[in-house]
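The residues making up each chain are set out below.
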There are 4 protein chains.
Amino acid sequence: MRSCVLQGKAKAAGLWNLFMPKESDRGVKYGTGLSSLEYALMCEEMSKCPLSSEVFNCQALDTGNMEVLVMYGSTEEQKCQWLTPLLNGEIKSCFGMTEPKVVSSDATNIASSIRRDGDHYVVNGHKWWILQDIIQSAATHKQHSMILVPMDALGVKIIRPLSVFGYLDYPAGHAEVLFENVHVPLGNMLLGEGRGFEIVQGRLGPGRIHHCMRLIGNAERALEMMLERTQNRVAFGKKLAAQGTIQQDVAKSRIEIEQTRLLVLKAAHMMDNYGNKVAAPEIAMIKVVAPNMAQNVIDRAIQVVHCKLVPFRPTEERDLVTISSLPECLLGRLLRLADGPDEVHLRSISRLEYRKHNLAKL
Amino acid sequence: MRSCVLQGKAKAAGLWNLFMPKESDRGVKYGTGLSSLEYALMCEEMSKCPLSSEVFNCQALDTGNMEVLVMYGSTEEQKCQWLTPLLNGEIKSCFGMTEPKVVSSDATNIASSIRRDGDHYVVNGHKWWILQDIIQSAATHKQHSMILVPMDALGVKIIRPLSVFGYLDYPAGHAEVLFENVHVPLGNMLLGEGRGFEIVQGRLGPGRIHHCMRLIGNAERALEMMLERTQNRVAFGKKLAAQGTIQQDVAKSRIEIEQTRLLVLKAAHMMDNYGNKVAAPEIAMIKVVAPNMAQNVIDRAIQVVHCKLVPFRPTEERDLVTISSLPECLLGRLLRLADGPDEVHLRSISRLEYRKHNLAKL
Amino acid sequence: MRSCVLQGKAKAAGLWNLFMPKESDRGVKYGTGLSSLEYALMCEEMSKCPLSSEVFNCQALDTGNMEVLVMYGSTEEQKCQWLTPLLNGEIKSCFGMTEPKVVSSDATNIASSIRRDGDHYVVNGHKWWILQDIIQSAATHKQHSMILVPMDALGVKIIRPLSVFGYLDYPAGHAEVLFENVHVPLGNMLLGEGRGFEIVQGRLGPGRIHHCMRLIGNAERALEMMLERTQNRVAFGKKLAAQGTIQQDVAKSRIEIEQTRLLVLKAAHMMDNYGNKVAAPEIAMIKVVAPNMAQNVIDRAIQVVHCKLVPFRPTEERDLVTISSLPECLLGRLLRLADGPDEVHLRSISRLEYRKHNLAKL
Amino acid sequence: MRSCVLQGKAKAAGLWNLFMPKESDRGVKYGTGLSSLEYALMCEEMSKCPLSSEVFNCQALDTGNMEVLVMYGSTEEQKCQWLTPLLNGEIKSCFGMTEPKVVSSDATNIASSIRRDGDHYVVNGHKWWILQDIIQSAATHKQHSMILVPMDALGVKIIRPLSVFGYLDYPAGHAEVLFENVHVPLGNMLLGEGRGFEIVQGRLGPGRIHHCMRLIGNAERALEMMLERTQNRVAFGKKLAAQGTIQQDVAKSRIEIEQTRLLVLKAAHMMDNYGNKVAAPEIAMIKVVAPNMAQNVIDRAIQVVHCKLVPFRPTEERDLVTISSLPECLLGRLLRLADGPDEVHLRSISRLEYRKHNLAKL
């Protein structure tokens, strides 16, 4: 609701699709043309208010999907039908990859199928952790293929919304979805049959940066609350701020935030100047570093400012919105798991390291 | 509801007030006469079903309060009015110590007041994190005094239930309570004016053990789920159970659980044989060790079995009860803060260590 | 030198071979008949003086080798030639397993060979980290066979003593040794051809306990020095002992020592009552826990009492003995690697855990 | 010896005093005029060969002392007598601050005295951890004064060289020194009486950067050895490089090195562009981060490549030089203590953080 008015203002001020390149296409201007590095700094700023990513049409999932459509959209029809309304903030999109029955971190495990049948593809599969809100389009992935599926297509069954730590994780949200003999036109295939892996590889742009900078913003706020509260409270005859253990918590938090921000900004700089492929090690590193850092910093902060970090309010205030938003103090934990668990990214970093080492010896 | 039937069965089977000594008083049998060590093992068992502590009348807060009344109840009247119905599971009790405006870990900060006025005491104060359900009695603490306050006394105002990580932490629950010129009879004073600190010192019995063994039980279940799930899932061509990083997570978890259980059992053994005062270092140690262990073990388990550990269910199922119970995966985090933060207990352990060291040199 | 006199006194007082069973054999009394649990406590005590394990004939390597000879010595000749003088402290023994060219943690990698040739075995191989002093006997291991090799046999070539962190690790010491066509009598085979693995399995007795309790003793002493020094020194207007960060270091060290000792004592209790096989998980656990604990506790202590923990002395005092003894502060680090690295033991613990879990489900 | 020849080559090539500004003074050219950022990269490079810092006249202690003389040298005489030969690599210098009897991390504790007596100052005090080699000059600090003391002055008594972990820490080395009524001319006072603190504040230049980049270089080499060794060794049927736990060790090491280097380079950039005072938080941060990172990375590496990281050699090779150099694997540990322990720097970072926070609110 409220975000609609703000979206109008943002659009009018040219603060719209901040993550997108400047060029326009078929009369639709893409975005502001910020570099990844510049956009990263915007993301930290936006993290200070949960609403803001929607206000500037920079909300997770839609950002990645718009990029996919720009980079890999095969036809004008795909762009007209899906990209334009996304750029205008008129529809919402989601992305289906994880499946309940297998370890989806290993893409070769994926069991959903896309079968050609005359002038249609027939999609079957069972997905969850599909991010959803007012769902209108979807991309399904099967053995290196990705396809656009309208969420109102016959055979798409939203089984249930999923909760995280008991929260709906609004505004993004997650759902379990069944695809039973869903027929979609041939034109909905992205890039080409069997080329889904290429898309996944390329789809690493602002999303990763956005998440990491949002975590840095969260950690900064947690540290700020810690500084605030410890100055005004006394235990054992001394302000908390003057006690060695609190001082170590503050100092370690500052160090970890600082080191994480530098790495994220380096990753953005690498993406800008050398592309996603060269930046792959840095992108994998920040995916591990930022959520762990946020979890640690916020854990220390909870120890002294619990009431502000841990949701803590009268039940009567507990309406659907407040109950649904994932509290900041749990975001780091979620992101150590979502979008590939730490373990998978550490594995990638290691493999890249061995490759680099062997190249260096040649 | 359901627990009423089970309570009847438990009482009939003599499985009632498991933590209390055997002796009876005024026709009321106290409990089973288990040692702390024996009771500790019961606690781990009870942790396997959230309902069970209530079924056996061993639920937190009432246990500690019954002990206080047995040990420090000054008069027959106090015992008749409060202890007997608690022993019978007919009323519920709470305990008020923490105050919103000060660092309550340092008891000298407490600002509530008890003033004598003729044949009454007048209690004033602002407390929170008072555990509550159907609240009927309360003990307020001020400058080393503790007093029994009926929750329906004039001037007791329950401001709001408090939530933890967004949960009401049912069945215990927490509340913010205002005491405004609450008049209670002189006979409600526990032990004697200015002797509240003695009571707090003595009130360390089964509560601490209960919490710690419950955390061990939670950690055991988390590890079990981890073993279960990793045997049936494959990533990168290999069962998770055969992968080194998972194996290290399993092994480290087993080690930490084992070490924590041994320490809790030693603390119980010390309490049984040498009393709470001698056992003070061990009691402080388990208060730090068990919640941290549970947080670590469960954190590792979430990484592979998230769906079972992290609340994860359709919204329609989300009734007041399910939303209110604190998920096990957050209990460890809560208990690193509740009942004194880690920092306070580490401080105590250190002070006891220096004292022991200096005694050893005499 | 000096230890000879003390050895005489110890023997006279019946404090000799503390780790050995009481029964005597061929007129030679084995030992004191202490249980593993009792012996564990002796080990912590002995750790307070580096000389003491030799004084009581409880020095590493000889202890394990005496046990092997008692349990698996095939013939009276073996016992006469090797066990008796070891029991009397007249010879020293070593044990060869690790090989420079392979990962010896995985026993299947071992490359040395024992070939039968008439009435002799011919031993070939390259070993290192053989503990050595005045070497007189040796056990070589090949594909599940173990054999006694006199160190003065033709073809045994001590290439060099090895140093650890620059120290010779006196009195045990380590060496690199080549076995080139070493002929040993058939009677030197232990237990039987191809049964070496059984011996390794059984050879886990006091050695593991000894090491772990020695580490606990070291950690206790480090903590003691920390307590001592922090009481007498002031920084920023306050005694170190009164500063929160030092207090946390003290408290965490006490907790870790306590938890480790309980686990080691449980392992000893399990060995005493159920045998090495049932105690295998606990034995593996303490092998990981104790060195890591010692490394952590001593690391904290170095931070405040460096001069005493870190070798720190005028060069003129630097004779062969002092330079050769491994400083206590490095023992933990060494033992995380020696006798199987952490990784191997964590792997074993995990495998035992899965086995137990699956048995529980049957 | 050998370094003399190399020093000549380096000087001829203009690779001399790399850390010093370009300007020349009294006919003596200072240095190469590299920025701190540029010099930082040189330091990582130099760390690959222990000799190199001497070859380029960039060895610790002399670097800091030359800077002090450039910035705070009061007179031409001071510069002629001390700076010029240091710039030429003709003499060596040391710096005396730590005292055995007090916690020297808190500068207010320092007990040495400088008393004026006619046309001389009389210096008394007991110092240790004075870095030494062929000692020729010394700066003593007392209540905010610093003075130049020739090491051959009457009353300067070198009590003994000190060892670290048993090593002399060649080529720098450490000594315990007594100053008994040492008379030095008035002209030896640096900057002015009571201004020693200013000098300490300013004396943070390349030394900190040098140490941190050297540690990064060490860590890189440790990681490289780890990559090398794990590719060629097999355990449990699989190359170590393909095992998850090794991969995590590699990935975490890469991440920590990367994050540390970025922070050190940022600190250098801040020093270059905003001066030491503004860069104070970053300078304190790297002092904590780099040694801890090196200790962790090298600890992981020891676990697989011990023989190369841990000194490990035949005794016959053990001459004074090899025994004296501190092995790389212990440098990180030493530097967590030397030049202010972690605790002091964490305290500074915290204080700066609170100050920044309060300024932000104005």
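What you see is a predicted model, and the numbers here were worked out from it, not measured in a lab. (Residues numbered from 1 in each chain as written. Chains lettered and ligands numbered in written order. Predicted model: local features only at pLDDT ≥ 70, side-chain atom pairs only at ≥ 80, totals over all residues.)

S.K.: Would you mind showing me how to read the overall build of chain A here?
M.R.: Assigned secondary structure in chain A consists of 12 helices and 12 strands. Expressed as a percentage of the 362 residues in chain A, the buried residues total 49%. Contacts spanning at least 24 positions in sequence make up 71% of the contacts within chain A whose residues lie at least 6 apart. (Helix = DSSP H or I, 4+ residues; strand = E, 2+ residues; numbered from the N terminus. Buried ≥ 20, exposed ≤ 12 C-beta atoms within 10 Å, placed from the backbone. Contact = placed C-beta atoms within 7 Å.)

S.K.: Which parts of the structure should I look at to understand the confidence of the model for chain A?
M.R.: If pLDDT is low for a region, its predicted coordinates should not be looked at in detail. Residues and elements named next belong to chain A. Summing up the model confidence of chain A, the mean pLDDT is 84 and the portion of residues at 70 or higher is 88%. Put simply, helix α10 (residues 320-324) is where chain A has its lowest mean pLDDT, 47, and helix α8 (residues 244-278) is where it has its highest, 95. A low-confidence stretch, residues 132-137 (pLDDT under 50), is modelled with 23 contacts involving residues beyond four sequence positions or located in other chains. Under a pLDDT of 50 for its full length, residues 312-323 has, in the predicted model, 14 contacts with residues more than four places off or in other chains. (pLDDT = per-residue confidence, 0-100.)

S.K.: How do you make sense of the relation of the copies chain D and chain A when you look at a structure like this?
M.R.: Put simply, the second copy of the chain is the first one after a rotation about an axis and a shift along it. Expressed as a screw operation, the relation of chain D to chain A combines 0.0 Å of axial shift with a rotation of 180°, fitting to an RMSD of 0.0 Å. This pairing of chains is accounted for by a two-fold axis. The rotation axis passes nearest to the C-alpha of Gln259(D) in chain D, at a distance of 2.8 Å. Of all interface residues in chain D, 100% are interface residues in chain A too; the two copies therefore contact each other through one and the same surface. (Least-squares fit on C-alpha atoms with pLDDT ≥ 70 in both.)

S.K.: Which parts of the structure should I look at to understand the domain arrangement of chain A?
M.R.: Interfaces are often sized by the amount of accessible area the parts lose when they come together. All names here are of chain A. By domain assignment, chain A separates into domain 1 (2-198) and domain 2 (204-361). Residue-level contacts link 23 residues of domain 1 with 27 residues of domain 2. Elements that contribute at least two residues to the side of domain 1 that touches domain 2 include exactly α2 (36-46) and α4 (62-72). Looking at which element gives the most residues to the side of domain 1 that touches domain 2, the answer is α2, with 6 residues. Taken together, the residues that form the side of domain 1 that touches domain 2 break down as 13 nonpolar, 6 polar and 4 charged. (Domains from an automatic or database assignment. Nonpolar A, V, L, I, M, F, W, Y, C, P; charged D, E, K, R; others polar.)

S.K.: Quick question: what am I supposed to make of the relation of the copies chain B and chain C here?
M.R.: With an axial shift of 0.0 Å and an RMSD of 0.0 Å, the rotation relating chain B to chain C amounts to 180°. Of the residues that chain B buries at the interface, 100% are likewise interface residues in chain C, meaning the two copies contact each other through the same surface.

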